[in-house]
Amino acid sequence: MSVGIWRFFDGAPIGELRETAAEVEELGFDAVWFGEFAGREAFTQAALLLAATSKLTVATGVARFDQRSPLAAEGAIRALGEAYPGRFVAGLGGHRPGARPLTALREFLDGMDAAELSGLPQPSPRPRRVLAALGPKLLDLAAERADGAHPYFVPPEHTAMARERLGPGKYLAVEQAVVLDAAPDVAREHVGMYVRLARHHQENLRRLGFTDDDLADGGSDRLVDAIVATGEQAIADRVRAHLDAGADHVCVQVLARTEKSYRRLADVLT
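Calculation rules
- Residues numbered from 1 in each chain as written.
- Predicted model: local features only at pLDDT ≥ 70, side-chain atom pairs only at ≥ 80, totals over all residues.
- Heavy atoms only, no water.
- Phe/Tyr/Trp six-rings, centres within 6.5 Å; stacked < 30°, edge-to-face > 60°.
- Helix = DSSP H or I, 4+ residues; strand = E, 2+ residues; numbered from the N terminus.
- Lys NZ or Arg CZ within 6 Å of the ring centre and 35° of its normal.
- Buried < 20%, exposed > 50% of the residue type's maximum accessible area, 1.4 Å probe, protein only.
- Pairing = 2+ DSSP bridges.
- Expected span 1.5 Å × (residues − 1).
- Contact = heavy atoms within 4.5 Å.
- Axes fitted to C-alpha atoms, helices over the stretch in contact; angles between N-to-C directions.
- Parallel < 35°, antiparallel > 145°, perpendicular 65-115°, else oblique.
- Nonpolar A, V, L, I, M, F, W, Y, C, P; charged D, E, K, R; others polar.
- Salt bridge = Lys/Arg side-chain N within 4 Å of Asp/Glu carboxyl O.
- Arc of directions from axis to C-beta.

**Points about the packing of aromatic side chains**
- Enumeration according to the criterion identifies 6 aromatic pairs in this entry.
- Each ring, one from phenylalanine 153 and one from tyrosine 194, has its centre 4.9 Å from the other, and the planes form 40°; the classification is tilted. Note that phenylalanine 153 is positioned in the loop between strand S7 (148–149) and helix H6 (156–166) and tyrosine 194 in helix H7 (residues 184–197), a separation of 41 residues in sequence.
- Following the ring pairs from residue to residue traces out a cluster consisting of Trp6, Phe8, Tyr152, Phe153 and Tyr194.
- The positively charged end of arginine 128 is found above the aromatic ring belonging to tyrosine 171, 3.8 Å away from the centroid.

Now the structure itself:
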């Protein structure tokens, strides 16, 4: 079972970041994924996590293309790939104001592929490049221009659609939010934040059959249950459902973490 940990590290002291990475590795998880919001620069943070571990895969989930140039992104990815062979996954995504997401991301990938980096060859193995892709057109772009996709905030039904769209040879790493012990307010707050603020998530949920009523008032019970798995057995079942639907890897985001959350999760999943 290929399972990793997904986490926002924004605001966490570097010591905590290093300790978390070491714990995730010790517990037997395959990877640690992290988002880039308003904290440390993504590739710098990836280097800190890689340096704190010896075999753990570190993945940006995602580094925001709208926050850096194609040349800077390509240079950082090559440097990390050379320093830590086979251990870095470059997840890319984001939104450029006033631009269509598909067009903006395609242009960014064009810039990366055309980057002239004197003295910095493509490492071997080349780090995987995956795209934050939800809709059919972005999934097609991930199949065409990347090694796969990293969908976030999705149920297993989306995983099945994404696998069909990507085809059998592409890497599909899916984020899954969980709550180890019943905490309906925590789960609803997590879902409500995304359905209120993120139009692309609203559109994706509608494609999956959720209605305006499901998206209202922080999300219906049906929607909350579809996005957040609550309880140890439900978590194990949900991760298995993603894998059965075609995911290669599931990265689990634990809401309402405690000191023992990752150990408990490891007991359930690994």
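**Structural notes on the pairing of strand S5 (residues 88–93)**
- Of all 6 residues in S5, 6 are buried; the element is thus mostly enclosed.
- With burial as the criterion, each face of S5 is covered, one bearing Phe88, Ala90 and Leu92 and the other bearing Val89, Gly91 and Gly93.
- Examined bridge by bridge, strand S3 (residues 57–60) and S5 share 2 bridges and lie parallel to one another. For alanine 59, the partnering residue across the bridge sits in S5 and is valine 89.
- Both strand S4 (residues 63–64) and S5 contribute to a ladder of 2 bridges, which runs parallel.

**Remarks on H7**
- If you check H7, its first and last C-alpha atoms are 20 Å apart, about what 14 residues at 1.5 Å a residue would give, namely 20 Å.
- Where H7 is concerned, the buried positions are Ala187, His190, Val191, Gly192, Tyr194 and Val195.
- Looking at the buried positions of H7, the neighbouring elements they touch are strand S8 (171–179), helix H8 (199–207), helix H9 (212–215), helix H10 (221–227), strand S9 (228–230) and strand S10 (249–254).

**Focus on the packing of helix H4 (residues 101–113) against helix H5 (residues 136–145)**
- Interhelical geometry of H4 versus H5 gives an angle of 10° and a closest axis separation of 10 Å. Considered as vectors, H4 and H5 are oriented roughly parallel to each other. Contacts between H4 and H5 involve Leu102, Leu105, Arg106, Leu109, Asp110 and Asp113 from the former and Lys137, Leu138, Leu141, Glu144 and Arg145 from the latter.
- Classifying every residue of the contact of H4 with H5 by side-chain character gives 5 nonpolar, no polar and 6 charged.

**Here we look at the pattern of salt bridges**
- Applying the stated criterion to the full structure yields 19 salt bridges.
- Aspartate 181 is the partner of arginine 264 in a salt bridge, and the nearest nitrogen-oxygen pair spans 2.8 Å. Separated by 83 residues along the polypeptide, arginine 264 in helix H12 (residues 261–269) and aspartate 181 in the loop between S8 and H7 bring together distant segments of the chain.
- Accessibility expressed as a relative area gives 26% for arginine 264, which makes it partly exposed.
- The partner of arginine 222 in a salt bridge is aspartate 214, and the shortest N-O contact between them spans 2.6 Å.

**Details of H8**
- All of the buried residues along H8 are His201, Gln202, Asn204 and Leu205. Angularly, the buried residues of H8 cover 165° about the axis, an arc narrow enough to put them on a single face.
- Residues of H8 that are buried in the fold lie against H6, H7, H9 and H10.
- Looking one or two places after H8, you find glycine 209, whose phi comes out positive at around 105°.

Any functional reading would require information that these geometric values do not contain.
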